[in-house]
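Given next are the chains, with one letter for each unit.
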Amino acid sequence: MNDLTPARAVAAPITQDVMTIPRKLPETDKVNLVGLTRAQLREALITAGTPEKQAKMRVGQIWQWVYYWGVRDFALMTNLAKDYRALLAAKFEIALPEIVTRQVSADGTRKYLLRIAGGHEVEAVYIPEEGRGTLCVSSQVGCTLTCSFCHTGTQKLVRNLTAGEIVGQVMLARDDLGEWPEPGQGSTGERLLSNIVLMGMGEPLYNFDAVRDAMLIVRDDEGIALGRRRITLSTSGVVPEIARCAEEIGCQLAISFHATTDEVRDKLVPINKKWNLATLLAALRDYPRLSNSERITFEYVMLKDVNDSDADARRLVKLIQGIPAKINLIPFNEWPGSPYERSDWERIEAFADIIYKAGYASPIRTPRGEDIMAACGQLKSATERARRQKTGVSAQAAADSTV
Ligand code: SAH
Ligand code: SF4
C-alpha cells in the first residue's frame, strides 16, 4: 500500500505525518538583505553602525539598488560612499535561492527548481501569455495538507519559506527574463513578469507573515512595483487567516473550492473537516473586499465522475450566490500515481455552460507546461520524487492500486 490510495486519502488527517524540517541557517554570519521589510532593513543598518539620522535615506538608496535595479554587489551602489559600501559588504549579503535546473516547455512555460538553505528544494513556474506573464510562486517546501488530487500534498518534507526565499523566486525569474532596467534606458511599460500567483508548492496562509512581507516588498513602488491587483493568493480554505489577505496584503483572493458537498470536499480538500463549506462561505461573504469591482476566484478542479456533474454545477452556483465571484475551472493535471482522471472536455464545457448561464465568468484554465510537470498541482521537489522511486513505490504500482 502507499499513501495515494483513496482509502488513505479519505482517512488522511488534516495534518499529515510530515517531517517538519528546521530552517538551517546559511553558512555565513552575514545578514541577507533580501526579504527584510523596510523597517527590518532600517534596524539592521543601524545595528551595523549606520547613524540613526541617515538610516531612512540609506534604506531608500539600498532598496532601489536591490529591488529596482536588481543589483547584487554593494560595490556597484555608486551613490553610497566607498567606506559605507565596504561596511555593507562586510556585514550583509544579497542572496537568492540557487537555480538547480531550469526547464522550458514546448509552450514556453519555464520551470525552475530552486535550492534553498539547508539543501531543500522548491519549484517556481513562469507562464508567458499574450501581453503578460505570470510567475507561480511557492510558499512552503511541500505542504502539510493532503489534498488527494495534488502532487505537492504527497511530499513529506515540509518547511516554511522565508520572505527572502519567496521574494527571491521573483528576483530570479526577473534575472532569467532579463527584466531589470538598464541605466539610461526608458521602460517600455510592458512587463514580462506582470503577475504573481501564490499557487506553487505550499499553503500560503500557513506561512502568512513571510508571504505578506514578501508580497509587500514586491508591491513596493520604489522597487519591483507590482500592483496589488496583479497578485493572487490561493488558499485551500484556512478560514481564520482569510480576511488578513485583504487587510494586510491587499492582493486578490482565490479559493480552492473543488466540491459542492462536505462529503466530497472532505475527501478532496481534507482541511474541509476543520472548516467546512458553510464556515468557509460565511468567511467569504464577510471578506473585506477593497473595492466593489473585486471578485473572489473559486478554483474548481475537474475530476471525472467525482465533482463534475450538472448537479454539482448547479449546487456550486447556488452556494456562492451573493458573493462577487468568478469561477476558474481547472482540468485535472495528472501526476505519477495520481488517483483521479481529468473530466472529459465535453463535460467541462457543459459544466462551464451552466455556470456561465447563471451569470458567472467561467474560464477554463489551459494546462500549461504539462510536458515538464509544471502544471497546477504537479509540483514536487525532484529529490522527493527520487526518494519515492527508491523506496520502490513506482508510479505504476501506485496507479494500479488506486484505480
Ligand atoms: N495550497 C494552495 C495553493 C497551491 S495549489 C491551494 O491549495 O489553494 C494551486 C491550485 O492548483 C489549487 O486550486 C489546487 O487545488 C490546484 N491543484 C492542485 N493539484 C492539482 C492538479 N493535480 N490538477 C489541477 N489543479 C490542481
Ligand atoms: Fe497543499 Fe494546496 Fe496541494 Fe492542498 S492543493 S496539498 S493545500 S498545495
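So, here's what we can say about the structure. (Residues numbered from 1 in each chain as written. Chains lettered and ligands numbered in written order. Predicted model: local features only at pLDDT ≥ 70, side-chain atom pairs only at ≥ 80, totals over all residues.)

1. Concerning the nonpolar core
A124, L135, V167, V170, A214, V218 and M302 are the most contacted members of the largest nonpolar core, which totals 101 residues. When residues no more than four places from it in sequence are discounted, the contact partners of A124 are Y112, L114, L135, C136, V137, S138, Q169, A173 and G200. (Core = buried A, V, L, I, M, F, W, Y, C linked by C-beta atoms within 7 Å. Buried ≥ 20, exposed ≤ 12 C-beta atoms within 10 Å, placed from the backbone. Contact = placed C-beta atoms within 7 Å.)

2. What to know about the sheet that holds strand β8 (residues 140-141)
Overall, mixed pairing links the 3 strands, which are arranged β1-β9-β8 in an open sheet. Strands with a single pairing partner mark the edges of an open sheet, and in this sheet they are β1 (19-20) and β8. (Pairing = 2+ DSSP bridges. Helix = DSSP H or I, 4+ residues; strand = E, 2+ residues; numbered from the N terminus.)

3. Considerations on the environment of L277
With respect to the element layout, L277 can be found in helix α9 (residues 277-285). For L277, a count of 19 C-beta atoms within 10 Å corresponds to the partly exposed category. The residues touching L277, leaving out its near neighbours within four places in the chain, are D262, R265, N272 and L319.

4. Regarding the site of ligand 2
Within the structure, ligand 2 sits among C143, L145, C147, C150, T152, G153, G202, E203, S236 and S256. By residue class, the composition of the shell around ligand 2 is 4 nonpolar, 5 polar and 1 charged. (Near = placed C-beta within 6 Å. Nonpolar A, V, L, I, M, F, W, Y, C, P; charged D, E, K, R; others polar.)

5. Re the site of ligand 1
Not every one of the 16 residues close to ligand 1 is listed here, only the nearest: C150, M199, S234, S256 and G377. Of all elements in the fold, only β11 (231-235) and β13 (296-302) reach the threshold of two or more residues within the shell around ligand 1. For the shell around ligand 1, the class distribution of residues is 8 nonpolar, 6 polar and 2 charged.

6. Remarks on helix α3 (residues 52-68)
Between its first and last C-alpha, α3 extends 24 Å over 17 residues, near the 24 Å set by a 1.5 Å rise per residue. Along α3, the largest kink reaches about 25° and is centred on R58. Buried within α3 are the following residues: V59, I62, W65, V66 and Y67. On its buried face, α3 is in contact with α2 (38-47) and α6 (208-219). Count one or two residues on from α3 and you reach G70, which has phi positive near 75°. (Expected span 1.5 Å × (residues − 1). Bend = angle between axes of the 7 residues up to and from the residue.)

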